[in-house]
Structure formats: structure tokens, C-alpha cells
Amino acid sequence: MQKCHRARMLGVRFAVVAAAIAVAASAQANEFPLHRAESNVIKRTNAERARYGLAPLKASKRLIQQARRHAQWMASSGNFRHGNDGVAENIAWGQSDSSEALGDWMNSSGHRANILGGYTHMGAAWARGSDGRLYWVQQFSSGEKDEVDVEAEGDNAS
């Protein structure tokens with residue numbers, strides 16, 4: 001009886017440890033670090049959408065990665081033009097932080113239409129050029145399957 005009880009207790013302990021490892025592995029697999037400025041662009045975009053009674057956009061890993069590549073390309077090449085990723089896109093350059101970038105986009109009817117459009121997901125990124133200028137990118141789409149959490153406050157892009 002004693003051996004059976006010990007075996008059961010070891011089995012329970014093993015199951016608890018295995019479950020904890022599985023949860024930790026799952027959490028790490030879902031982690032996708034966002035820069036504070038990226039997170040703030042997404043949060044500020046959703047705040048603007050809320051002002052107009054629109055549902056928030058969910059952050060998409062794919063769109064964030066595409067936006068990062070495009071922002072980095074613009075910053076390294078000095079070219080300021082839209083990408084060809086097949087998604088709606090806002091780009092900006094020269095703004096010192098995400099608040100200024102979003103303000104400029106909201107003051108432009110075409111950019112504002114993207115922000116307030118019927119999309120479900122977005123990505124955002126920025127990159128600094130060799131001259132110190134910041135390049136900003138937002139991308140919008142629907143039906144993405146790779147959502148990530150957005151948590152950050154304050155900018156440190158400048």
C-alpha cells in the first residue's frame with residue numbers, strides 16, 4: 001500500500017511539473033516582443049478608433065514583421081515610399097515619437113481612412129536612419145491568425 005501511495009504521489013508530482021513546463025513553453029511560444037513605440041502606435045490607433053465608435057484592431061505578428069522590414073528598408077536606403085506587401089499601409093518620416101506620427105496620419109484623409117477602415121488587424125514599426133530621422137510604418141489587414149499582446153507605455157523612439 002505504501003509503495004502504491006508513493007507511486008501515485010510521484011505520478012501526481014510528475015503531472016504537475018509536466019503541466020507547468022507545458023504552460024511555460026506555450027507562453028514563450030506566444031511571446032513576441034514589441035518596441036515601446038510600436039506598442040504605442042497600436043494603442044493610439046485603437047484610441048482613435050474608439051473615438052469613432054470602432055472596434056480595436058488586434059496586433060498581428062506577420063504585419064509587425066512586415067512593417068519592421070519596410071521601416072528598416074526605408075531608413076537604410078533613404079527611400080520614402082510604400083511597400084508592396086499587398087496590405088493597406090501608412091508611412092511617415094521625421095516625427096519624433098509615435099504620438100506625433102499618429103497625429104500626422106489622423107490629419108491626412110487617406111491615412112485616417114486606413115486607421116478607421118474596416119480592418120481587424122494591424123502591425124506597426126519604426127526605424128532610425130543614419131541621419132537620425134525616424135521612419136514609421138502601419139500596416140492593416142483582416143483575418144490574420146497570429147495575434148500578439150500589446151503592452152507598453154511611453155515612447156523611447158527618440
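Remember, it's a predicted structure, so these values are computed and weren't measured experimentally.

Trainee: Help me out: how do you make sense of the overall build of the chain in this one?
Mentor: Of regular secondary structure, the chain possesses five helices and five strands. For the chain, restricting intrachain contacts to residue pairs at least 6 apart in sequence, the fraction spanning at least 24 positions comes to 71%. Within the structure as shown, the chain displays about 9,100 Å² of accessible surface, and the carbon and sulfur contribution to it stands at 52%.

Trainee: I keep staring at the nonpolar core and nothing clicks. Help me out?
Mentor: Looking at soluble globular proteins, one finds that nonpolar side chains tend to be buried together. One finds Ile64, Trp105, Met122 and Trp136 to be the most contacted residues of the largest nonpolar core, which totals 22 residues. For this core, the secondary structure elements donating two or more residues are helix H2 (36-51), strand E2 (88-93), helix H4 (98-106), strand E3 (121-128) and strand E4 (134-141). Considering each element in turn, this core owes the most residues, four residues, to H4. If you look at the next biggest cluster of nonpolar residues, it comprises nine residues, including Ala75, Ile91, Ala127 and Tyr135.

Trainee: What exactly am I supposed to notice about H4 here?
Mentor: Residues spaced three or four apart along an α-helix point in a common direction, a consequence of the helix completing one turn every 3.6 residues. Of the residues making up H4, those classed as buried are Ser98, Ala101, Leu102, Trp105 and Met106. Around the axis of H4, the buried residues are gathered within 130° of arc, so they sit on the same side. For H4, the N-terminal capping position is held by Asp97, with its side-chain oxygen 3.2 Å away from the main-chain nitrogen of Ser99.

Trainee: How should I be thinking about the side chain of Glu38 in this particular structure?
Mentor: Topologically, Glu38 is positioned in helix H2. Contact partners of Glu38, with chain neighbours within four places excluded, come to Ile64, Arg68, Ala124, Ala125 and Trp126.

Trainee: For this particular structure, what's the right way to read the pattern of salt bridges?
Mentor: A full pass over the atoms with the stated rule returns five salt bridges. Glu48 serves as the salt-bridge partner of Arg51, at 2.7 Å between the closest nitrogen and oxygen. Residue Arg51 and its partner Glu48 are both found in helix H2; the two are separated by three residues, about one turn of the helix. Judged by relative accessible area, which is 17%, Glu48 ranks as buried. Across the pair Glu144 and Arg62 runs a salt bridge, and its minimum N-O distance is 2.6 Å. Note that Glu144 is positioned in the loop between E4 and strand E5 (147-148) and Arg62 in helix H3 (residues 61-77), a separation of 82 residues in sequence. Its relative accessible area of 31% is what places Arg62 among the partly exposed residues.

Trainee: I'm lost on the side chain of Asn90 in this one. Help?
Mentor: On the secondary structure map, Asn90 appears in strand E2. Judged by its relative accessible area of 0%, Asn90 falls in the buried class. A distance of 2.8 Å separates a polar atom in the side chain of Asn90 from a polar atom in the side chain of Asn114. In this structure Asn90 touches His82, Trp105, His111, Asn114, Ile115, Trp136, Val137, Gln138 and Phe140, once residues within four positions along its chain are discounted.

Trainee: Hey, could you run me through the environment of Tyr119 in this one?
Mentor: Among the structural elements, Tyr119 can be located in the loop between helix H5 (109-115) and E3. According to the relative accessible area criterion, Tyr119 is partly exposed, its value standing at 26%. Taking the C-alpha atoms as reference points, Tyr119 and Pro56, 63 residues apart in sequence, are found 9.3 Å from one another. For Tyr119, the residues in contact, after removing those within four places along its chain, are Arg49, Leu57, Ala88, Asn114, Phe140, Ser141 and Ser142.

Scoring rules and cut-offs
- Residues numbered from 1 in each chain as written.
- Predicted model: local features only at pLDDT ≥ 70, side-chain atom pairs only at ≥ 80, totals over all residues.
- Heavy atoms only, no water.
- Helix = DSSP H or I, 4+ residues; strand = E, 2+ residues; numbered from the N terminus.
- Contact = heavy atoms within 4.5 Å.
- Areas by Shrake-Rupley, 256 points an atom, 1.4 Å probe, with all protein chains shown as cover.
- Core = buried A, V, L, I, M, F, W, Y, C linked by side-chain atoms within 4.5 Å.
- Buried < 20%, exposed > 50% of the residue type's maximum accessible area, 1.4 Å probe, protein only.
- Arc of directions from axis to C-beta.
- Polar contact = N/O pair within 3.5 Å; in protein donor to acceptor, adjacent residues only side chain to side chain.
- Salt bridge = Lys/Arg side-chain N within 4 Å of Asp/Glu carboxyl O.

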